[in-house]
Amino acid sequence: MTALRPADAGDARGAPARSGTAAAGRGVAGTARGSLFGLAGSAANAVFGFALVTIVTHGLGARGAGAVFAGVAAFTLASNALKLGADTALVRFVSRDLAHTDGAGVPGLLRIAVLPPLVASTAVAAAAVPLAPGLAGWLLPDLSPGQGTAVLRLFAVFLPVTTVALVLLGATRGYGSVVPFVGVEQIGKPVLRVLLAVPLVLLAPGVVTLSAAWLAPGVLGAAAAWLALRRALRSRPRSLQRTTPTGEFWSFAGPRAISSIFDIAAVWIGVILLSVLGTSAEAGVYTALGRLVTAGTLLQLAVRLAVAPQLGRLLADGDRAGAHRLHRLSTRWIALFSWPVFVLLAAFPRTVLALFGADFGPGAPGLVVLAAASLVNVAVGNAQTALLMAGRSVPNLVVAGAAFAVQLGCGIWLVPRYGVLGAAVSFGLAIVVDNGASAWLVRRRLGFGAVDRGYLLAALITIGAVAPLAFLMRVLCGDTFAGTLFGILLSIVAFCALVRRYRVPLGVAEFFGVLRKRRAENSP
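Residues numbered from 1 in each chain as written. Predicted model: local features only at pLDDT ≥ 70, side-chain atom pairs only at ≥ 80, totals over all residues. Heavy atoms only, no water.

1. Here we look at the packing of helix α2 (residues 86-101) against helix α3 (residues 106-139)
Interhelical geometry of α2 versus α3 gives an angle of 175 degrees and a closest axis separation of 10 Å. Relative to α3, α2 is oriented roughly antiparallel. On α3, the residues touching A86, L90, F93, V94 and D97 of α2 are V106, L109, L110, A113 and P117. (Axes fitted to C-alpha atoms, helices over the stretch in contact; angles between N-to-C directions. Helix = DSSP H or I, 4+ residues; strand = E, 2+ residues; numbered from the N terminus. Parallel < 35°, antiparallel > 145°, perpendicular 65-115°, else oblique. Contact = heavy atoms within 4.5 Å.)

Structural data, given as structure tokens:
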């Protein structure tokens, strides 16, 4: 979601692409390896996130869990807004600096990127402490005034350290490695939250104590992010000097700061609306829907982490053809492996939601709506990432703002009438608007398309094999555990057989070929 100038999408007007074929090949290889590690991290994040929701829900009930996650929603929105877009800007500018000066300008980039988010988050935290009683009455109406105030003040204390950590992790991603981000955000913090929540639920269950369990791992995460960045900085030369593009940096980061608010708000606004206009129980059910949808986008999130710096370097080198190929191939991987997940969620929503407890069954229609919208989401791959790495943060902001306006307007109208289903419909409409417009912009502004023979083949596998088998089991066995089990097993068998048969045109052979080559290089 930014717009600097076309020259930033590579020096296409002047310098030729730097060994374009080799660079593109490295981009594919880096994306494949990073995606695999990111997928493992995303899977761990989903599993432990699911475990945390289950633990908190069983310990506090849907009402208490809704209050905890309403606080989490507000905290996540605030910390991501107060990054001021610096994390995404660092991904782009660090990767570009590595392509041009081998990282000599990175220390200067960090100086201009870290201080504003630190000051902004500290100021907001300081202001939130005296305002907490009034905010608690609005955001957490189901809690007692004292309890709600304590929860919000606790979140405020942890706000600056979490915000700065996210900015530092953006810099580590710019170096082309997803390991620090995945290790901190997707593995370390989720695991520690579960380890802290289990004894608290058994010994001292409460909204305040479980909120603290969610927040405390952020301190260790910030320390780990700083150490990882120091290690990356020490691995690069310091002899070269490069002027830090302060104005250019913030002209990119400014629009991205606003669009990131819309991105995070889109995920959490349903929880907040249900907490304010509905009930905490409905907010808890909707949180569970969000966890399931996030689980379905595991590969998309993993590829996004890995592909962003690779696209940044290719575009910085002026290799648009290589960047286009990488975008097309990564989109095909995402669609191929993600579409079947959402088909199965749509076929057996009530059985899947039963994993959270008997109170979550009424959320089944909402899960079907979000699964259908998510099919559109994964169909366009990481179109938003391609826009950002090409420097188009302003168009990205316009699209994100329009999608959020659709979601908020529909949510205010639908949530009081339809509860969880209304929140899901409003979010689904926003997903379609955001991704459809982003795909159109990528095609129009960058000339990047995703549909080719391999993409159509991936769609055919889902439409012609996975979906018929899943819904056949739904008709024969109903939305039951047996129907779900047989539907998943039959779908997996058919999917694996077809992917193996058409692995070359699907690009799967290239993906795993990169990984096999890496293992061979690392073996004695």
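Alright, that's what it looks like, and here's the rest.
2. Section: the environment of A266
Here A266 is to be found in helix α8 (residues 246-277). C-alpha of A266 to C-alpha of G428: the two residues are 162 residues apart in sequence and 10.0 Å apart in space. When near neighbours in sequence (up to four residues on either side) are disregarded, A266 contacts F404, Q407 and F427.

3. Section: the packing of aromatic side chains
Remark: the centre distance and the inter-plane angle together describe each pair of aromatic rings, the angle taken between the planes. All chains considered together, the criterion is met by nine aromatic pairs. Between the aromatic rings of F75 and W214, the centroid separation amounts to 5.7 Å while the plane-to-plane angle is 85 degrees, which identifies the pairing as edge-to-face. Note that F75 is positioned in helix α1 (residues 20-82) and W214 in helix α6 (residues 207-215), a separation of 139 residues in sequence. Overall, the relative accessible area of 10% leaves W214 in the buried class. Ring geometry for F155 against W214: centres 6.4 Å apart, planes inclined by 55 degrees, an arrangement best described as tilted. (Phe/Tyr/Trp six-rings, centres within 6.5 Å; stacked < 30°, edge-to-face > 60°. Buried < 20%, exposed > 50% of the residue type's maximum accessible area, 1.4 Å probe, protein only.)

4. Some thoughts on helix α16 (residues 420-446)
Between its terminal C-alpha atoms α16 stretches 38 Å, which fits the 39 Å expected from 27 residues at 1.5 Å a residue. Within two residues after α16, G447 carries a phi angle of roughly 75 degrees, on the positive side. (Expected span 1.5 Å × (residues − 1).)

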